[in-house]
Amino acid sequence: MVARAVNAIVYLLAFISLFGLRTAAMAFNNVADADIDALNPRTRLRPVVAGIVSEGEALALVIGGLIVFYASAYAICYQALFYATPLAILALSYPFAKRVHYLPHIHLGLVLGFSVFGGWVAGVCSKSCLVTLGYLLLHAPWAIILGVTLWVAGFDIIYSIMDYDADKRIGVKSIPVLLGPRGAARLALVLEALAAILWSIGGYQALGLPALLSSVAAGAVATLAALYANMNENLIPQAFKTNLVVGFIALAGYIVAVVK
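Residues numbered from 1 in each chain as written. Predicted model: local features only at pLDDT ≥ 70, side-chain atom pairs only at ≥ 80, totals over all residues. Heavy atoms only, no water.

1. Brief notes about helix 13 (residues 246-259)
Applied cut-off: Secondary structure elements are defined from DSSP: runs of H or I of at least 4 residues count as helices, runs of E of at least 2 residues count as strands, and each element is numbered from the N terminus. One less than the residue count of a helix, multiplied by 1.5 Å, gives the span that helix is expected to have. Throughout, exposure labels follow a simple rule: accessible area from a 1.4 Å probe, protein chains only, divided by the maximum for the residue type, with under 20% read as buried, over 50% as exposed, and the rest as partly exposed. Two residues qualify as a contact provided that any one of their heavy atoms is within 4.5 Å of a heavy atom in the partner residue.
An ideal rise of 1.5 Å per residue puts 20 Å on 14 residues; helix 13 measures up with 21 Å between its terminal C-alpha atoms. Within helix 13, the full set of buried residues consists of Val 246, Ala 250, Gly 253, Tyr 254 and Ala 257. Against helix 8 (142-161), helix 10 (175-207), helix 11 (209-231) and helix 12 (236-242) lie the buried residues of helix 13.

Next up, the structure:
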(Lines give C-alpha, C1' and ligand atoms only; values in the text may rest on other atoms or scores of the structure.)
Protein backbone atom coordinates (compact mmCIF):
# COMPACT_ATOMS: atom_id res chain seq x y z
CA MET A 1 0.00 0.00 0.00
CA VAL A 2 2.83 2.40 0.92
CA ALA A 3 4.69 1.54 -2.28
CA ARG A 4 1.60 2.28 -4.36
CA ALA A 5 1.13 5.61 -2.60
CA VAL A 6 4.76 6.53 -3.31
CA ASN A 7 4.38 5.52 -6.95
CA ALA A 8 1.22 7.60 -7.25
CA ILE A 9 3.08 10.66 -5.92
CA VAL A 10 5.93 10.09 -8.40
CA TYR A 11 3.46 9.78 -11.29
CA LEU A 12 1.71 12.97 -10.20
CA LEU A 13 4.98 14.88 -9.90
CA ALA A 14 6.12 13.62 -13.30
CA PHE A 15 2.82 14.77 -14.81
CA ILE A 16 3.08 18.20 -13.17
CA SER A 17 6.70 18.52 -14.29
CA LEU A 18 5.90 17.78 -17.94
CA PHE A 19 2.81 19.99 -17.80
CA GLY A 20 5.10 22.83 -16.69
CA LEU A 21 7.51 22.16 -19.55
CA ARG A 22 4.67 21.93 -22.06
CA THR A 23 3.30 25.27 -20.85
CA ALA A 24 6.72 26.90 -21.12
CA ALA A 25 7.42 25.42 -24.56
CA MET A 26 4.07 26.40 -26.05
CA ALA A 27 4.28 29.94 -24.67
CA PHE A 28 7.82 30.33 -25.97
CA ASN A 29 6.76 28.95 -29.35
CA ASN A 30 4.13 31.71 -29.59
CA VAL A 31 6.77 34.36 -28.89
CA ALA A 32 9.53 32.93 -31.09
CA ASP A 33 7.19 32.27 -34.04
CA ALA A 34 5.24 35.54 -33.85
CA ASP A 35 6.81 36.89 -37.05
CA ILE A 36 6.08 33.70 -39.00
CA ASP A 37 2.60 33.24 -37.50
CA ALA A 38 1.64 36.76 -38.56
CA LEU A 39 2.22 35.81 -42.22
CA ASN A 40 0.21 32.59 -42.13
CA PRO A 41 -3.61 32.91 -42.38
CA ARG A 42 -4.09 29.83 -40.18
CA THR A 43 -1.91 31.11 -37.33
CA ARG A 44 -2.32 34.88 -37.42
CA LEU A 45 -4.93 34.72 -34.63
CA ARG A 46 -2.61 33.03 -32.13
CA PRO A 47 -2.57 34.91 -28.78
CA VAL A 48 0.73 36.81 -29.09
CA VAL A 49 0.22 37.72 -32.77
CA ALA A 50 -3.37 38.86 -32.18
CA GLY A 51 -2.37 40.87 -29.11
CA ILE A 52 -4.57 38.84 -26.76
CA VAL A 53 -1.46 38.01 -24.74
CA SER A 54 1.51 40.37 -24.61
CA GLU A 55 5.03 39.13 -25.25
CA GLY A 56 5.88 39.90 -21.62
CA GLU A 57 2.95 37.86 -20.35
CA ALA A 58 3.92 34.95 -22.58
CA LEU A 59 7.51 35.07 -21.32
CA ALA A 60 6.21 35.12 -17.76
CA LEU A 61 4.36 31.90 -18.60
CA VAL A 62 7.62 30.47 -19.93
CA ILE A 63 9.42 31.26 -16.68
CA GLY A 64 6.54 30.00 -14.55
CA GLY A 65 6.32 26.78 -16.53
CA LEU A 66 10.05 26.16 -16.19
CA ILE A 67 9.89 26.77 -12.43
CA VAL A 68 7.13 24.17 -12.14
CA PHE A 69 9.12 21.80 -14.37
CA TYR A 70 12.33 22.03 -12.35
CA ALA A 71 10.64 22.12 -8.94
CA SER A 72 8.65 18.97 -9.69
CA ALA A 73 11.73 17.21 -11.07
CA TYR A 74 13.68 18.10 -7.91
CA ALA A 75 10.81 16.87 -5.73
CA ILE A 76 11.12 13.46 -7.38
CA CYS A 77 14.88 13.27 -6.94
CA TYR A 78 17.67 15.83 -7.16
CA GLN A 79 19.41 13.73 -9.83
CA ALA A 80 16.44 14.27 -12.13
CA LEU A 81 17.57 17.91 -12.43
CA PHE A 82 20.62 16.80 -14.43
CA TYR A 83 18.38 15.22 -17.06
CA ALA A 84 15.77 17.99 -16.99
CA THR A 85 17.98 20.65 -18.59
CA PRO A 86 18.73 18.84 -21.89
CA LEU A 87 15.00 18.18 -22.29
CA ALA A 88 14.17 21.84 -21.59
CA ILE A 89 16.74 22.98 -24.15
CA LEU A 90 15.35 20.55 -26.72
CA ALA A 91 11.79 21.77 -26.14
CA LEU A 92 12.60 25.49 -26.19
CA SER A 93 14.79 25.24 -29.31
CA TYR A 94 12.01 23.66 -31.37
CA PRO A 95 10.64 26.96 -32.83
CA PHE A 96 14.00 27.64 -34.48
CA ALA A 97 14.28 24.23 -36.17
CA LYS A 98 12.01 25.18 -39.09
CA ARG A 99 14.31 28.10 -39.84
CA VAL A 100 17.40 25.89 -40.06
CA HIS A 101 16.48 22.50 -41.56
CA TYR A 102 13.65 20.51 -43.15
CA LEU A 103 13.15 18.13 -40.21
CA PRO A 104 11.44 20.20 -37.48
CA HIS A 105 8.94 17.34 -37.14
CA ILE A 106 11.72 15.03 -35.95
CA HIS A 107 12.83 17.73 -33.51
CA LEU A 108 9.31 17.90 -32.06
CA GLY A 109 9.13 14.12 -31.98
CA LEU A 110 12.35 13.98 -29.98
CA VAL A 111 10.90 16.42 -27.45
CA LEU A 112 7.97 14.08 -26.80
CA GLY A 113 10.10 10.96 -27.07
CA PHE A 114 12.58 12.16 -24.49
CA SER A 115 9.70 13.22 -22.27
CA VAL A 116 9.08 9.47 -22.02
CA PHE A 117 12.74 9.09 -21.07
CA GLY A 118 12.14 11.76 -18.43
CA GLY A 119 9.29 9.69 -17.01
CA TRP A 120 11.61 6.67 -16.95
CA VAL A 121 14.24 8.69 -15.09
CA ALA A 122 11.63 9.89 -12.61
CA GLY A 123 10.50 6.36 -11.83
CA VAL A 124 14.00 4.95 -11.42
CA CYS A 125 15.54 7.89 -9.57
CA SER A 126 12.63 8.08 -7.12
CA LYS A 127 13.80 4.71 -5.83
CA SER A 128 17.52 5.53 -5.79
CA CYS A 129 19.46 8.69 -6.55
CA LEU A 130 22.60 6.61 -7.01
CA VAL A 131 21.54 5.31 -10.42
CA THR A 132 24.15 5.99 -13.08
CA LEU A 133 23.58 7.49 -16.50
CA GLY A 134 24.89 4.26 -18.00
CA TYR A 135 22.17 2.25 -16.26
CA LEU A 136 19.46 4.65 -17.40
CA LEU A 137 20.63 4.55 -21.00
CA LEU A 138 21.03 0.78 -21.03
CA HIS A 139 17.65 -0.06 -19.52
CA ALA A 140 15.48 2.75 -20.86
CA PRO A 141 12.37 1.73 -22.88
CA TRP A 142 13.93 2.75 -26.18
CA ALA A 143 11.30 1.06 -28.36
CA ILE A 144 8.60 3.20 -26.73
CA ILE A 145 10.76 6.34 -26.83
CA LEU A 146 11.54 5.90 -30.53
CA GLY A 147 7.92 4.97 -31.23
CA VAL A 148 6.67 8.18 -29.64
CA THR A 149 9.28 10.16 -31.58
CA LEU A 150 8.15 8.72 -34.92
CA TRP A 151 4.45 9.02 -34.05
CA VAL A 152 4.73 12.72 -33.18
CA ALA A 153 6.93 13.40 -36.23
CA GLY A 154 4.39 11.64 -38.43
CA PHE A 155 1.33 13.54 -37.29
CA ASP A 156 3.25 16.82 -37.26
CA ILE A 157 4.11 16.21 -40.91
CA ILE A 158 0.39 15.70 -41.58
CA TYR A 159 -0.34 18.92 -39.69
CA SER A 160 2.30 20.79 -41.71
CA ILE A 161 0.69 19.81 -44.99
CA MET A 162 -2.06 22.30 -44.15
CA ASP A 163 0.59 25.04 -44.15
CA TYR A 164 2.31 23.94 -47.36
CA ASP A 165 1.43 27.02 -49.45
CA ALA A 166 2.14 29.50 -46.65
CA ASP A 167 5.41 27.81 -45.70
CA LYS A 168 6.67 27.88 -49.30
CA ARG A 169 5.79 31.55 -49.58
CA ILE A 170 7.32 32.51 -46.23
CA GLY A 171 10.39 30.31 -46.54
CA VAL A 172 9.66 27.96 -43.64
CA LYS A 173 11.39 24.58 -43.95
CA SER A 174 9.37 21.37 -43.53
CA ILE A 175 8.96 17.89 -44.98
CA PRO A 176 5.91 18.95 -47.05
CA VAL A 177 7.97 21.80 -48.54
CA LEU A 178 10.82 19.36 -49.27
CA LEU A 179 8.81 16.41 -50.62
CA GLY A 180 5.51 18.00 -51.57
CA PRO A 181 2.17 17.22 -49.88
CA ARG A 182 1.80 13.74 -51.40
CA GLY A 183 5.33 12.68 -50.60
CA ALA A 184 4.99 14.05 -47.06
CA ALA A 185 1.72 12.16 -46.51
CA ARG A 186 3.34 8.90 -47.65
CA LEU A 187 6.30 9.42 -45.33
CA ALA A 188 3.94 10.19 -42.44
CA LEU A 189 2.16 6.88 -43.07
CA VAL A 190 5.47 4.99 -42.95
CA LEU A 191 6.47 6.71 -39.70
CA GLU A 192 3.13 5.94 -38.06
CA ALA A 193 3.32 2.29 -39.11
CA LEU A 194 6.85 2.02 -37.67
CA ALA A 195 5.67 3.72 -34.47
CA ALA A 196 2.87 1.16 -34.14
CA ILE A 197 5.38 -1.70 -34.39
CA LEU A 198 7.77 -0.13 -31.88
CA TRP A 199 4.97 0.60 -29.41
CA SER A 200 3.78 -2.98 -29.58
CA ILE A 201 7.26 -4.33 -28.90
CA GLY A 202 8.04 -1.79 -26.19
CA GLY A 203 4.67 -2.03 -24.48
CA TYR A 204 4.90 -5.80 -24.17
CA GLN A 205 8.50 -5.68 -22.95
CA ALA A 206 7.67 -3.05 -20.35
CA LEU A 207 4.35 -4.18 -18.89
CA GLY A 208 3.08 -7.25 -20.67
CA LEU A 209 -0.26 -8.01 -22.32
CA PRO A 210 -2.35 -4.97 -21.23
CA ALA A 211 0.28 -2.55 -22.54
CA LEU A 212 0.65 -4.61 -25.72
CA LEU A 213 -3.09 -4.49 -26.44
CA SER A 214 -3.40 -0.75 -25.86
CA SER A 215 -0.22 -0.11 -27.85
CA VAL A 216 -1.56 -2.10 -30.81
CA ALA A 217 -4.84 -0.20 -30.65
CA ALA A 218 -3.12 3.19 -30.41
CA GLY A 219 -0.75 2.35 -33.24
CA ALA A 220 -3.64 1.19 -35.42
CA VAL A 221 -5.54 4.45 -34.87
CA ALA A 222 -2.44 6.56 -35.66
CA THR A 223 -1.71 4.53 -38.80
CA LEU A 224 -5.32 4.72 -40.00
CA ALA A 225 -5.29 8.49 -39.46
CA ALA A 226 -2.20 8.76 -41.67
CA LEU A 227 -3.91 6.54 -44.23
CA TYR A 228 -6.86 8.96 -44.28
CA ALA A 229 -4.44 11.79 -45.05
CA ASN A 230 -3.07 9.79 -47.99
CA MET A 231 -6.53 9.01 -49.36
CA ASN A 232 -7.82 12.56 -49.45
CA GLU A 233 -6.16 15.89 -48.57
CA ASN A 234 -9.54 17.13 -47.33
CA LEU A 235 -9.28 14.55 -44.54
CA ILE A 236 -5.98 15.93 -43.25
CA PRO A 237 -7.52 18.13 -40.48
CA GLN A 238 -9.53 15.14 -39.24
CA ALA A 239 -6.48 12.87 -39.49
CA PHE A 240 -4.52 15.25 -37.30
CA LYS A 241 -7.33 15.57 -34.74
CA THR A 242 -7.65 11.79 -34.53
CA ASN A 243 -4.12 11.68 -33.09
CA LEU A 244 -5.34 13.59 -30.04
CA VAL A 245 -6.82 10.37 -28.65
CA VAL A 246 -3.90 8.09 -29.52
CA GLY A 247 -1.90 8.79 -26.37
CA PHE A 248 -4.90 8.14 -24.13
CA ILE A 249 -5.56 4.81 -25.84
CA ALA A 250 -1.97 3.71 -25.23
CA LEU A 251 -2.06 5.00 -21.65
CA ALA A 252 -5.09 2.88 -20.76
CA GLY A 253 -3.20 -0.39 -21.00
CA TYR A 254 -0.25 0.96 -19.04
CA ILE A 255 -2.54 2.07 -16.22
CA VAL A 256 -4.20 -1.37 -16.11
CA ALA A 257 -0.80 -3.08 -16.03
CA VAL A 258 0.50 -0.87 -13.23
CA VAL A 259 -2.52 -0.94 -10.89
CA LYS A 260 -3.64 -4.55 -11.31
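2. Section: the packing of helix 6 (residues 104-125) against helix 8
Packed helices, taken two at a time, are described by the angle between their axes plus the distance between the axes. How we decide: Angles here are taken between N-to-C directions and fall from 0 to 180 degrees, while the axes themselves are lines fitted to C-alpha atoms, restricted in helices to the stretch in contact. The handedness criterion is simple: a crossing whose near helix is rotated anticlockwise from the far helix by less than a right angle is left-handed, and one whose near helix is rotated clockwise is right-handed. Only Asp, Glu, Lys and Arg are considered charged, only Ala, Val, Leu, Ile, Met, Phe, Trp, Tyr, Cys and Pro nonpolar, and every remaining residue, Gly among them, polar.
Taken N-terminus to C-terminus, the directions of helix 6 and helix 8 make an angle of 145°; their axes are 7 Å apart at the nearest point. For the pair helix 6 and helix 8, the sense of crossing is right-handed. When helix 6 is examined against helix 8, the residues His 105, Ile 106, Leu 108, Gly 109, Leu 110, Leu 112, Gly 113, Phe 114, Val 116 and Phe 117 are found in contact with a partner set consisting of Trp 142, Ile 144, Ile 145, Val 148, Thr 149, Val 152, Ala 153, Asp 156, Ile 157 and Ser 160. In the contact of helix 6 with helix 8, the residues fall into 14 nonpolar, five polar and one charged.

3. Quick notes on the packing of aromatic side chains
Cut-off, in case you're wondering: Only the six-membered ring of Trp is used, alongside the rings of Phe and Tyr, when aromatic pairs are assigned; centres must lie within 6.5 Å, and planes under 30 degrees apart are stacked while those over 60 apart are edge-to-face, with the rest tilted.
Applying the stated criterion across every chain, the model contains ten aromatic pairs. Centre to centre, the rings of Phe 114 and Trp 142 are 6.2 Å apart; their planes meet at 75°, and the pair counts as edge-to-face. Of the two residues, Phe 114 sits in helix 6 while Trp 142 sits in helix 8, which places them 28 residues apart along the sequence. Given the relative accessible area of 31%, Phe 114 is considered partly exposed.

4. Observations regarding the pattern of salt bridges
Heads up, the rule is: Whenever Lys or Arg places a side-chain nitrogen within 4 Å of a carboxyl oxygen from Asp or Glu, that contact is recorded as a salt bridge.
This structure, assessed with the given rule, holds five salt bridges. A salt bridge links Lys 98 to Asp 33; the nearest nitrogen and oxygen atoms lie 2.8 Å apart. Taken together, the residues span a long stretch of sequence, with Lys 98 in helix 5 (residues 80-100) and Asp 33 in the loop between helix 1 (2-32) and helix 2 (34-37) at a distance of 65 residues. By the burial criterion, Lys 98 is buried, and Asp 33 matches it. Note that Arg 42 is salt-bridged to Asp 163, the shortest N-O span being 2.6 Å. In this pair, Arg 42 is assigned in the loop between helix 2 and helix 3 (47-50) and Asp 163 in the loop between helix 8 and helix 9 (164-170), connecting sequence segments 121 residues apart. Its relative accessible area of 35% is what places Arg 42 among the partly exposed residues. In this structure Asp 163 comes out as buried when scored by relative accessible area, which is 8%. The network of salt bridges with common partners includes Asp 33, Asp 35, Lys 98 and Arg 99.

5. Brief notes about the side chain of His 107
Locating His 107 in the fold gives a position in helix 6. Contact partners of His 107, with chain neighbours within four places excluded, come to Leu 90, Ser 93, Tyr 94 and Ala 97.

6. Some thoughts on the nonpolar core
Quick note on the threshold: To form a nonpolar core, buried Ala, Val, Leu, Ile, Met, Phe, Trp, Tyr and Cys residues must be joined to one another through side-chain atoms within 4.5 Å.
Grouped together as the largest cluster of nonpolar side chains are 34 residues, with contacts concentrated most on Val 148, Trp 151, Val 152, Ile 157, Ile 158, Trp 199 and Val 246. When contributions to this core are tallied by element, the ones reaching two or more residues are helix 8, helix 10, helix 11, helix 12 and helix 13. Dropping the residues within four chain positions of it, Val 148 is found in contact with Leu 112, Gly 113, Val 116 and Trp 199.

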